[in-house]
Amino acid sequence: MSVRPAAPADLGAVRAAAEACAFSARWSREDYGRELARAESWLLVWDEGGIKGFILCRRVLDEAQILDVAVRPPDRGRGIATALLEALARRARQAGCAKLSLEVDERNLAALALYRKAGYGVVGRRRKFYNNAFDAVLMDRPLG
Ligand SMILES: CC(C)(COP(=O)(O)OP(=O)(O)OC[C@H]1O[C@@H](n2cnc3c(N)ncnc32)[C@H](O)[C@@H]1OP(=O)(O)O)[C@@H](O)C(=O)NCCC(=O)NCCS
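To start, this report covers the structure provided alongside it. No experiment lies behind these values; they were computed from the predicted model shown. (Residues numbered from 1 in each chain as written. Predicted model: local features only at pLDDT ≥ 70, side-chain atom pairs only at ≥ 80, totals over all residues. Heavy atoms only, no water.)

### Details of the site of the ligand
Here comes step 1: For the ligand, the set of nearby residues contains 21 residues, the closest of which are V69, G77, T82, N108 and K117.
Here comes step 2: Taking N108, its side chain carries an N or O atom lying 2.7 Å from an oxygen atom of the ligand.
Here comes step 3: The backbone of L114 places a nitrogen or oxygen atom 3.5 Å from an oxygen atom of the ligand.
Here comes step 4: Notes on the ligand: free accessible area 920 Å², of which the protein chains cover 71%.
Here comes step 5: Elements with a contribution of two residues or more to the shell around the ligand: β4 (63-71), α3 (80-94) and α4 (109-117).
Here comes step 6: When residues of the shell around the ligand are assigned to their parent elements, the largest contribution, six residues, is made by α4.
Here comes step 7: Here the shell around the ligand is built from residues that sort into 13 nonpolar, five polar and three charged. (Near = heavy atom within 4 Å. Polar contact = N/O pair within 3.5 Å; in protein donor to acceptor, adjacent residues only side chain to side chain. Areas by Shrake-Rupley, 256 points an atom, 1.4 Å probe, with all protein chains shown as cover. Helix = DSSP H or I, 4+ residues; strand = E, 2+ residues; numbered from the N terminus. Nonpolar A, V, L, I, M, F, W, Y, C, P; charged D, E, K, R; others polar.)

### As for the sheet that holds β4
Here comes step 1: Taken in spatial order, the seven strands of this open sheet run β1-β2-β3-β4-β5-β7-β6, and their pairing is mixed. Whereas interior strands pair on both sides, the edge strands pair on one side only; in this sheet they are β1 (2-5) and β6 (121-130). In this sheet, neighbouring strand axes are inclined to one another by 25° on average, regardless of whether the strands run parallel or antiparallel.
Here comes step 2: Inspection of the sheet shows strand β5 (residues 99-105) paired to strand β7 (residues 134-142) by seven bridges, in the antiparallel sense. Looking at β7, one finds that D105 is bridged to A136.
Here comes step 3: Relative to the sheet, helix α1 (residues 11-19) contacts β2 (41-47), β3 (51-60) and β4, its axis offset from that of β3 by approximately 95°. (Pairing = 2+ DSSP bridges. Axes fitted to C-alpha atoms, helices over the stretch in contact; angles between N-to-C directions. Contact = heavy atoms within 4.5 Å.)

Now the structure itself:
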């Protein structure tokens, strides 16, 4: 039971986890495959005899931008997303990143609570970013 880097064989399970999540980015299997192949991207999975969740991040200069995090509905509330965020923070710090950043739909109260608890603060908003109606909340976490 642990966080590990994704392998090509995991892409179907990653896609399935994303598909089950209302607010996930819901990319195609090929999209996740392209990210896996990028040197500047990290795709980490929670593997517990099967993929229960994942986190995807891309490094841009000294910043690690979280593109997607999702946990399958039956496995939520067990700290899996928190563990994925912490594993990512460790990697980013080791790679010399100065901060982690993300944007989240203002309606996504579960994710907002998750990120706040994990030490992320609100640094801005993109007004009416989603469907020309709902704000994107910009958050980041400095890496000491
Ligand atoms: C958001 C999501 C990733 C959380 O995953 P998770 O593994 O259940 O999260 P954790 O168990 O690590 O929860 C950590 C904290 O987040 C907050 N949280 C998680 N789910 C919550 C919910 N449904 N309502 C309110 N707060 C919630 C709580 O503060 C929780 O701490 P607690 O258990 O001590 O109360 C999951 O609900 C999910 O996959 N959602 C759909 C995809 C998504 O929205 N991704 C984010 C895109 S920006």
